[in-house]
Number of protein chains: 2
Amino acid sequence: MLKEPTNGSWVCVGHQVSGWFVVLCLLAGAGCAAGHSRLDRLAWEQSRLIDLTHSFGADTIVWPTEQDFRLVLQQAGETPGGYYYASNRLEMAEHGGTHIDAPIHFSRGGQTLDQVPIEHLVGAGVRIDVTAQCARDRDYLVTIQDFEQWEAEHGQIPTRTIVLVDTGFSRYWPSRQQYLGTDLRGPEAVPALHFPGLHPEAAAWLVRERQIKAVGIDTASIDYGQSNKFETHVALLSQNVPVFENLSNLRDLPDKGFDVIALPMKITGGTGGPLRVIAVLSPSH
Amino acid sequence: MLKEPTNGSWVCVGHQVSGWFVVLCLLAGAGCAAGHSRLDRLAWEQSRLIDLTHSFGADTIVWPTEQDFRLVLQQAGETPGGYYYASNRLEMAEHGGTHIDAPIHFSRGGQTLDQVPIEHLVGAGVRIDVTAQCARDRDYLVTIQDFEQWEAEHGQIPTRTIVLVDTGFSRYWPSRQQYLGTDLRGPEAVPALHFPGLHPEAAAWLVRERQIKAVGIDTASIDYGQSNKFETHVALLSQNVPVFENLSNLRDLPDKGFDVIALPMKITGGTGGPLRVIAVLSPSH
């Protein structure tokens, strides 16, 4: 967002001045003359958007104990009125495909999906690349040391960041066998789940030491497949930090320097729900 | 979005230079030193977000021929594992509550919901206030003249704008009688629908003369209640201009100077679906 101060000029944000910089100022200034929204429009037009969402369909991966997503055809064709018309119905679990967990999912009395503040769902993002670790070990738990290593390279994770954990597992989607570690269904599948997750201690550290807004991951659960206590969910959701699961395309992100916009369906009393999540990259990326 | 050029400094966008302007540059520059995402973070933190979405629940208004939205409780309580767990299932029409119409909804062979480019769903917005006209006439059709009047005051609607039509009808939500003009259900309700909409000629003008990205409205349909040919839907959707319906809180927007971010659930083959839509206002508003 560009900041529009009260006297009608635009805020300049810069700490180096060079020749092209002045040229850009002039070009942008010319654009300004067309109206206030002109610059915002240019900002969006010049930014690259990356969709971090798997599309919902018959092959959408859901938790082994859940029923599959269903799109039920209602109508598709010409009508007596002379126009074409098509529509469907949806039947689905809150927690399948690319979705959000609201605090109440694992925290009694916690925020329901409609109560999660939208301010927690948009903001600067970082990507933590643990693809190598997870390629070696399907049961990998992302540690505090993984975040400290990221910080040694990039500086401290700012407060109110949205942290995206890239395990590389979205490349297996939609193969249940490869993504979840099993293509069994029902309760007997749960002990056979093998995919990486976030260590509960690392989750608590992100909340306590870095005051993050939200966490996302490209696996079916922020707790690893072998978890049976879901302590990472509890560590995050009990502190009103929402969780994004089954993300896609994280490999297309830089390590930092992007915004995340994660807008879930708004469900009164929802414990979670389908999420559309995108990243906004500045033109230099 | 702030633009980060390749040499690591930040793009200055301004056409007036004054003392406080330089001070702001220095302050922002100091912020830069903390890391690239610092400024984006500040931008989000300083912007005001407005949720333009009605929440889905038992009282969600759907088209009279559709079934109501249902949230089906699966589980809510302590588990044998010692943790709290709650989850639900959803059953719903694609076109109820705050939702998007994808081009295929009224245009054979048109884009399905997963095919709508996300670039059409984010961008600078304008609000066209027709609340007075619609208070006088429930069957009001928004005309080209309404847009020309807006332009006389604010300048031409830039290309690739997202146009939001504020009829004031969201104040009636969730009363079906007041919002739709009838609380009848089923096919016999359709002739009794009375709410305002966008004139097909105005829709065609917005597409042809202003190359808009998308249109939204705070009624149940972009065609007015008395329509039986849905020509406005056809005018927009046949040109791949998606439509947002049942919007909320448009009264809280300025006439211009804001961004719209409209992220629908991503449904393979969907003709539309639930939409979470927010506006981003710069701090001066």
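All figures in this text were calculated on a predicted structure; none of them were measured in a lab.

(A) Inspection of the overall build of chain A at higher detail. Of the regular secondary structure elements, chain A holds 7 helices and 12 strands. Residue burial in chain A is summarised as follows: out of 285 residues, 52% are buried.

(B) Focus on the sheet that holds strand β2 (residues 70–78) of chain B. Spatial ordering of the open sheet is given by β2(A)-β3(A)-β3(B)-β2(B), a layout of 4 strands whose pairing is antiparallel. Each edge of the open sheet carries a strand with a single partner, namely β2 (70–78) of chain A together with β2 of chain B. Strand-to-strand twist in this sheet, taken as the mean axis angle between neighbours without regard to direction, amounts to 10°. Relative to strand β3 (residues 84–93) of chain B, β2 of chain B runs antiparallel, the two being bridged by 8 bridges. Within β3 of chain B, the position partnered with Gly77 of chain B by the bridge is Tyr85 of chain B.

(C) Quick look at the domain arrangement of chain A. Examined at the domain level, chain A breaks down into domain 1 (19–46) and domain 2 (51–281). Relative to domain 2 of chain A, the C-alpha centre of domain 1 of chain A lies at a distance of 36 Å.

(D) Highlighting the pairing of strand β9 (residues 214–217) of chain B. All names here are of chain B. By the alternation rule, side chains of β9 split into Ala214 and Gly216 and Val215 and Ile217, which are all buried. In this structure, β9 lies alongside strand β10 (residues 243–245), joined through 2 bridges in parallel fashion. Paired with Val215 across the bridge in β10 is Val243. In this view, the connection linking β9 to its parallel neighbour β10 by way of helix α7 (residues 231–237) has right-handed handedness.

(E) Inspection of helix α6 (residues 200–210) of chain A at higher detail. All names here are of chain A. Among all positions of α6, only Pro200, Ala202, Ala203 and Leu206 are buried. In the core, the buried residues of α6 are packed alongside β6 (141–142), α4 (144–154), β7 (162–166), β8 (197–198), β9 (214–217) and α7 (231–237). Immediately beyond the C-terminal end of α6, within one or two residues, lies Gln211, with a positive phi of roughly 45°.

(F) Representation of the environment of Ala86 of chain A in the model. Turning to its location among the elements, Ala86 of chain A is positioned in strand β3 (residues 84–93). A sequence separation of 151 residues divides Ala86 of chain A from Leu237 of chain A, and the C-alpha atoms of the two residues are 39 Å apart. Ignoring sequence-local partners within four residues, the contact set of Ala86 of chain A consists of Gln75 and Ala76 of chain A together with Ile104, His105 and Thr271 of chain B.

(G) Here's a closer look at the confidence of the model for chain A. Residue and element names in this part refer to chain A. Mean pLDDT over chain A works out to 88, with 85% of the residues at or above the 70 mark. Within chain A, the element-level pLDDT minimum falls on helix α1 (residues 19–32), averaging 41, and the maximum on β7, averaging 99. Taken as a whole, residues 1–39 scores under 50 in pLDDT and shows 86 contacts with residues more than four places along the chain or in a different chain. Across the assembled chains, the prediction reports ipTM 0.87 with pTM 0.87.

(H) Unusual backbone geometry, seen in detail. Here Trp173 of chain A and Pro174 of chain A are connected by a cis peptide whose omega angle stands at 5°. Following the sequence through the fold, Pro174 of chain A ends up in the loop between β7 and α5 (176–180). With phi around 55°, Phe230 of chain B is a residue other than glycine that occupies positive phi space. Positionally, Phe230 of chain B belongs in the loop between β9 and α7. Residue classification places Phe230 of chain B among the buried positions, given that 22 C-beta atoms sit within 10 Å. The phi angle at Asn249 of chain B is positive, at roughly 65°, despite the residue not being glycine. Mapped onto the secondary structure, Asn249 of chain B falls in the loop between β10 and β11 (258–264).

(I) Focus on the environment of Asn240 of chain A. Relative to the helices and strands, Asn240 of chain A is located in the loop between α7 and β10 (243–245). Considered as a pair, Asn240 of chain A and Ile104 of chain A are 136 residues apart in the sequence and their alpha carbons are 8.8 Å apart.

(J) Focus on the environment of Leu247 of chain A. Turning to its location among the elements, Leu247 of chain A is positioned in the loop between β10 and β11 (256–264). Leave out the neighbours within four places in its chain, and Leu247 of chain A touches Leu52, Thr98, Leu164, Ser170, Gly216, Ile217, Asp218 and Val277 of chain A.

Rules of the game
Residues take numbers from 1 onward in each chain, read along the sequence in its written order. To read the labels, note that chains go from A and ligands from 1, taken in the order they are written. Restriction of local features to residues with pLDDT of at least 70 applies here, the model being predicted, together with a cutoff of 80 or more for giving and counting side-chain atom pairs; totals for whole chains, interfaces and linings are based on all residues. Helix and strand definitions follow DSSP, with helices as H or I runs of at least four residues and strands as E runs of at least two, each counted in order from the N terminus. Here a residue counts as buried when 20 or more other C-beta atoms sit within 10 Å of its C-beta, as exposed when there are 12 or fewer, and as partly exposed otherwise, the C-beta atoms being derived from the backbone. At least two DSSP bridges between two strands are required for those strands to pair. Orientation is described by lines fitted to C-alpha atoms, with helices fitted over the stretch in contact, and by angles between N-to-C directions that extend from 0 to 180 degrees. Domain limits in this description derive from either an automatic procedure or a database domain assignment. The definition of a right-handed crossover adopted here requires that, viewed with the strands pointing away, the path from the first strand over the helix to the second runs clockwise. We call two residues in contact if the C-beta atoms placed from their backbones are at most 7 Å apart. Values of pLDDT, the confidence the predictor places in each residue, fall between 0 and 100.

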